[in-house]
Amino acid sequence: MTLDLDSANGIVLQFSPSNWILAVGSIALAATAILALRHLRNSQNRLAVIALESLRLLIAALLIFTLMRPEIVIRLKSTEKPVLMIVHDDSESMETCDSDFHGSVPEKRNQSLKRLLESKFYSPLEETHQIVMRSFGKNPDLSNDGSEIGAALLESLDERLDVKNLILLSDGDWNKGESPLLAAAKLRTKGIQAHCLALGSEIKPQDLIIRNPSPPTYCIPNERVSIPFEVFNKSAETVRAKAKILSAGKVESEIELAIPPFATMQKEIAWSSGKTGKFPLKLLLDAPEWDTKRENNEASFEISVREEKIRVLAVDSLPRWEFRFLRNALLRDPAIELSTLLYLPDGVGKGGGKNYLNAFPQKNDLSRYDVFIVGDIGISENGLSVENADQLAKCVSLLASGIVFMPGVRGGQNSLKNSPLDDLIPVIGDESSPKGFSSPVELKPLLLKDGKDHFLTMLGSSPEENLKIWLDLPGFFWSAAVVRTKPGASVLAAHPEKRNAYGRMPLIVTREHGSGNTLFMASDSTWRWRKGVEDKYQYRFWGQLVRWMAHKRHLATSKGIRLFHTPEKARTGQTVFVSANLCAEDSSPVNGADLALRIKNSKGVETMKIPLLAEDGDWGVYKGRFVPQEGGDFSMELEWKGKGSVLKTEFHVSEDKLEKKDEAANLGLMKKIAETSDGGFAHTKEDFEKILQNIRAAPQEELPSDRIEIWHRWWWGLGPLLST
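Colleague: Honestly, unusual backbone geometry in this entry has me stumped. Any pointers?
Modeller: Peptide bonds are trans in most cases, and residues, glycine excluded, mostly fall at negative phi. Here the bond from T566 into P567 is cis, since omega is -5°, no more than 30 degrees from zero. Take P567: it is sitting in the loop between strand 32 (561–566) and strand 33 (570–571). Positive phi is not limited to glycine here, since E534 has a value of about 60°. Judged by relative accessible area, which is 52%, E534 ranks as exposed.

So this is what it looks like as structure tokens:
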């Protein structure tokens, strides 16, 4: 029960009686009045009785009035407007072109947002609200900052702002920070409503995207290099397309692709270098007509072609056919400098002739070799010594050399078990068949998944052509016996018939070991590939193999200094391992140097400096590691204390972006944010207008009122008492 005393200033008289007080009070007041009338009729002195009964009636009325708990309420009005916070999304996902908020023609989400903000849709609300603008998802100091929707919502909890309503303009692509739903729940407990306008379509747009091309930093003239890349098919059907390598606008290589629906396919495309120089190349995807986003169908990069000599040491026990034709193939390759060492059996001595060595190289000379080919030979008096095996192992693990194991019918490599080279062999041999398996019929290697388009086994211009070539190649009649591969190994080809508990018997196996690579070939019959085509396939296979093995050692070299890093193409957040190898003019290792590595970005600004610490032993090897936090092009400068910068190389860091364009908008999340905070959701202009109308029509919040409780004030009780 209220009674306006001064409506202009918000002053009212308010009662809070219970029902029984009203009933009893009314009866008591009526009874008092009836008694007063009866007393008045029977009284002789009417004036005195009227005065007395009126006072008695007034006291009764005041008692009943007091029991009704009267209060004077002064309602205060705020002199400040409540805050309406508008939070908009500036993240990279807003570049997606699928927003129809302003019409039927799709436009980029951020374009719709820009037009909406420029229209000042909030102008009608400025009379009753103070407008505060906030944005998220874009940081000028970071190339990719992610969408922290939760953190953006929590900004409204700032007590200094007194936010009552919040409007979120976003595509709902949350990928970083606290859950937006948890943030929305916190807003609701504070009485803040989050109204959401979702921009973009929840239907994922069809698209073909080239991702993560990883070309080598360098190659040598007339080398065939492999360029891995990924293709993502964002459509509901299998898409057939061509991937091409272009140089100066001319197609130099192409492969056919069949990408399954909503899948990422990893492929490799080959490119053949020519003369020396730096070659800008473009990887282009010949996408179907419905793919209108052509900017993500291509990737540009540069490969440096430079003169490098690859030093190879081939060691065997007999001049078998594989050894003879392999030696001829490597001698005729202008990029390869071959040395051979032949341990003839039965004390005959060592093989002699052009490029033959009389003894196993000393440590300093051995470190100069990029690739070792170990044939049908083992640890023996007329073969390798344990010291030789240890030095070979150190060259691979510390100096990034490559090693090829190619056993033969004599079973010489069986003695490498438990030697320093045992850990480098990527397979476990079958001791029950030390001299391998012979077949009366010709057998052909079976290319497995990893080998169908691997750089080492790529003899054609496409995976389909390559598979046909391998099926047509002359086969083998003998192979070493293998039980299984070691952990981390990759099987490129397998025996077409031999199986065991571990599956098909491996024939061609690769594996990383320390800084270098290892390869095992169970058959020694590549010389037979010359049948009908001469050296076409055998030369190509061994040329590719040697270049692949030696690649890492030639990333950066200068006068006895080598600098290499793994992986060659790094990603943000991935540990990069760096090794430096120092040699004097006589090839002896330089130990005790004080080295550091400076990492600089494309602007020449140093981003980090890491020390390179000497490895155990006296191989002149120094190692360090770092974790790139940003993507882009960088340079490494090797600094030698007292000599300054002695070597520089460039490398690229790919960025794993949290923000991805051309993804579907997350309308479901935006709806849940609105529901959790008791706000409104809109996806169309009409629904957004309703949200604005509701905010405008919402009553202004009243401030706490001042109350004067008359019924228990001392001066109120004094009046009836004095009257009595």
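Colleague: In this structure, what is going on with the environment of F626? I would like to understand it.
Modeller: Positionally, F626 belongs in strand 37 (residues 621–626). Linking F626 and N601, residues 25 residues apart in sequence, is a C-alpha distance of 14 Å. Other than its neighbours up to four places away in sequence, F626 contacts Q574, T575, V576, V578, I599, M608, I610, M636 and F651.

Colleague: What am I meant to see in helix 3 (residues 109–118) here?
Modeller: Given 3.6 residues per helical turn, the α-helix brings residues three or four places apart onto the same face. Among all positions of helix 3, only R109, S112, L113, L116 and L117 are buried. Along the long axis of helix 3, the arc covered by the buried residues comes to 130°, so they all point the same way. Turned more than 90 degrees off the buried face of helix 3, the exposed positions are K114 and E118.

Colleague: Whenever I open this one, the side chain of S397 confuses me. Can you help?
Modeller: Here S397 lies in helix 8 (residues 386–399). With relative accessibility at 17%, the residue S397 sits in the buried group.

Colleague: Honestly, the sheet that holds strand 9 (residues 193–198) in this entry has me stumped. Any pointers?
Modeller: Through backbone hydrogen bonds, the strands of a sheet pair up, either in parallel or in antiparallel fashion. Within the open sheet, the 5 strands sit side by side as 7-4-8-9-40. Their pairing is parallel. Because the sheet does not close on itself, it has two edges, and the strands there are strand 7 (130–136) and strand 40 (681–682). Bridging between strand 4 (residues 83–89) and strand 7 involves 7 bridges; their strand directions are parallel. Paired with L84 across the two strands is I131, which belongs to strand 7. This element, helix 11 (residues 667–676), spans strand 8 (163–170), strand 9 and strand 40 of the sheet and lies at about 160° to strand 9.

Colleague: How should the packing of aromatic side chains be read in this particular structure?
Modeller: One pair of aromatic rings is described through two measures. These are the centre distance and the angle between the planes. On inspection of all chains with the given rule, the structure shows 13 aromatic pairs. When the ring of F626 is compared with that of F651, the centres are 6.0 Å apart and the planes differ by 65°; the resulting orientation is edge-to-face. Of this pair, F626 sits in strand 37 while F651 sits in strand 39 (residues 644–654), and the two are 25 residues apart along the sequence. Note on F651: relative accessible area 6%, which makes it buried. What links up through ring pairs into an aromatic cluster is the set F101, F121, Y122 and F688. Note that R306 overlies the ring of Y218, its terminal NZ or CZ placed 4.1 Å from the centroid.

Colleague: Any chance you could explain the pairing of strand 37 here in plain terms?
Modeller: The pairing of strand 34 (residues 576–582) with strand 37 spans 6 bridges and is classified as antiparallel. Along strand 37, the bridge assignment pairs S579 with K623. Sheet topology places strand 36 (residues 606–614) next to strand 37; 2 bridges connect them, and they run antiparallel. Among the inter-strand pairings, A614 is bridged to a residue of strand 37, identified as Y622. In this structure, the hairpin formed by strand 36 and strand 37 is closed by a connection of 6 residues, where G617 is found at a positive phi of approximately 100°.

Colleague: What am I meant to see in the pairing of strand 19 (residues 336–344) here?
Modeller: Successive residues of a regular strand alternate their side chains across the two faces of the sheet. Of all 9 residues making up strand 19, 8 are buried, and the element is well covered by its neighbours. Note: strand 18 (residues 310–316) against strand 19, 7 bridges, orientation parallel. Bridging across to strand 19, D316 finds its partner in L342. Assessed by its sense of winding, the connection that carries the chain from strand 18 through helix 6 (residues 321–331) to strand 19 is right-handed.

Colleague: What am I meant to see in the sheet that holds strand 10 (residues 208–211) here?
Modeller: Strand order in the open sheet formed by 3 strands is 10-12-15, and the pairing between neighbours is antiparallel. Among the strands making up the open sheet, the edge pair consists of strand 10 and strand 15 (263–272). Neighbouring strand axes in the sheet, compared pairwise and without regard to direction, differ in orientation by 30° on average. Summarising the sheet, strand 12 (residues 224–233) and strand 15 pair through 10 bridges and their orientation is antiparallel. By the bridge assignment, R224 is partnered in strand 15 with S272.

Reading guide: rules and limits
Residues numbered from 1 in each chain as written. Predicted model: local features only at pLDDT ≥ 70, side-chain atom pairs only at ≥ 80, totals over all residues. Heavy atoms only, no water. Helix = DSSP H or I, 4+ residues; strand = E, 2+ residues; numbered from the N terminus. Buried < 20%, exposed > 50% of the residue type's maximum accessible area, 1.4 Å probe, protein only. Contact = heavy atoms within 4.5 Å. Arc of directions from axis to C-beta. Pairing = 2+ DSSP bridges. Axes fitted to C-alpha atoms, helices over the stretch in contact; angles between N-to-C directions. Phe/Tyr/Trp six-rings, centres within 6.5 Å; stacked < 30°, edge-to-face > 60°. Lys NZ or Arg CZ within 6 Å of the ring centre and 35° of its normal. Right-handed = clockwise from strand over helix to strand, strands pointing away.

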